[in-house]
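Remarks on the overall topology
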Amino acid sequence: MKILALLGSPRGKKGNTYRLIESALKGAEDAGAEVLFIDITEMDIGYCTGCSTCYSTGSCIQGDDYEEILDLILESDGIILGSPVYINSVTAQLKTLFDRMPDVVHCQMLLGKYGFSVSTAGGGNADIVCDYMNNTLQVMGANTTGDAYAVLAEGDEAFGDACRRSYELGKDLVAAISEKRVYPEQEAFHDGMHERMKNLVLFQKDEWTHEYDYWKEKGWL
Ligand SMILES: Cc1cc2nc3c(=O)[nH]c(=O)nc-3n(C[C@H](O)[C@H](O)[C@H](O)COP(=O)(O)O)c2cc1C
């Protein structure tokens, strides 16, 4: 079982959010998973230009590190996302990665995968940023198993609690993947996404040929 953690803090391993990622990966590793960490801020990921090429060919024309990251995501059973709160949202680096992934959304490529999110903030809203990251995973098809976040202003003890929670989530992610855990609310969400994306892909079938073929091959049409 492979667990991949993607961190979007420009402070990388020296930052606060990495401490939560590190705990999560330790938990996953202790539960028997193979773990991989990527600091996406060290990768070359350009802005999406909205050219739609990925919809018709399945690949991006930019030739940067995005395809490598996508391959690692698709090879993983579990995905952990981490971002500090930057002006009440994820960092621009992580959002830039998300914006490269509409083809993943349209094709629901993360179906069957599991994940969770971690965040840290100076004053607050790390919960909201975790919700956003988890929603992004769900929109791509994954089930999410929870979140862990810390607000620096709440002190070291609260930070320690968040690290412990992150460790437990790492362990639990491995359990969720092993038992193919079902979340009824998320199943309903996935059903809704399936219908929306099916309508979209059918509507665009003459131009978005890769996505149409993908859906046909899956037997979803
Ligand atoms: C550009 C910038 C924007 C920030 N915006 C917020 C914010 O909106 N709310 C907040 O509570 N903290 C904010 N912070 C504080 C960080 O979220 C906090 O220090 C976090 O732990 C940094 O994580 P890192 O060390 O992993 O990068 C901001 C920090 C920076 C540098």
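Everything discussed here concerns the structure shown above.
Below is a short write-up of the structure. Along every chain, residues carry numbers that run from 1 in the direction the sequence is written. Only residues with pLDDT of at least 70 get local features here, since the model is predicted, and only at 80 or more are side-chain atom pairs given and counted; chain-wide, interface and lining totals rely on the full set of residues. Side-chain numbers here rest on the full set of heavy atoms in the structure, without hydrogens or water.

**A closer look at the overall build of the protein chain**
Here is the rule we go by: By the criteria applied, helices consist of DSSP H or I runs no shorter than four residues and strands consist of E runs no shorter than two, each listed in order from the N terminus. Radius of gyration: over C-alpha atoms. The globule rule applied is 2.2 Å multiplied by the number of residues raised to the 0.38 power. Each residue's exposure class comes from its accessible area (1.4 Å probe, protein chains only) as a fraction of the maximum for that residue type: buried when under 20%, exposed when over 50%, partly exposed otherwise. Only heavy atoms matter for contacts: two residues are in contact if any of them lie within 4.5 Å across the pair. Counted as positive: Lys and Arg. Counted as negative: Asp and Glu, with His and the chain ends omitted from the count. Where a charge sits is defined by one atom per residue type, namely NZ (Lys), CZ (Arg), CG (Asp) or CD (Glu).
From N to C terminus, the protein chain includes nine helices and five strands. Reading the helices (α) and strands (β) of the protein chain from amino to carboxyl end gives β-α-β-α-α-β-α-α-β-α-β-α-α-α. Against the compact-globule benchmark of 17 Å for 221 residues, the protein chain has a radius of gyration of 17 Å, which places it among compact chains. Taken over the C-alpha atoms alone, the protein chain extends approximately 55 × 35 × 30 Å along its principal axes. When burial is assessed residue by residue, the protein chain has 49% of its 221 residues classed as buried. In the protein chain, 76% of the contacts between residues at least 6 apart in sequence involve partners at least 24 apart. Here the protein chain holds 19 positive side-chain charges and 35 negative ones, and the gap between their average locations is 2 Å.

**Brief notes about the sheet that holds strand β2 (residues 34-39)**
What counts here: When DSSP finds two or more bridges between two strands, those strands count as paired. Angles shown run from 0 to 180 degrees and are taken between the N-to-C directions of axes, each axis being a line fitted to C-alpha atoms and, for helices, limited to the stretch in contact.
Spatially, β2-β1-β3-β4-β5 is the arrangement adopted by the five strands of the open sheet, whose pairing is parallel. The strands lining the two open edges of the sheet, one partner per strand, are β2 and β5 (143-151). Within the sheet, the average angular offset between the axes of one strand and its neighbour, ignoring direction, is 15°. Bridge count for strand β4 (residues 114-121) against β5 is seven bridges, and the pairing is parallel. The residue bridging Ser 117 from the neighbouring strand is Asp 147, located in β5. Docked against the sheet, helix α6 (residues 126-139) engages β3 (78-84), β4 and β5, running at close to 155° with respect to β4.

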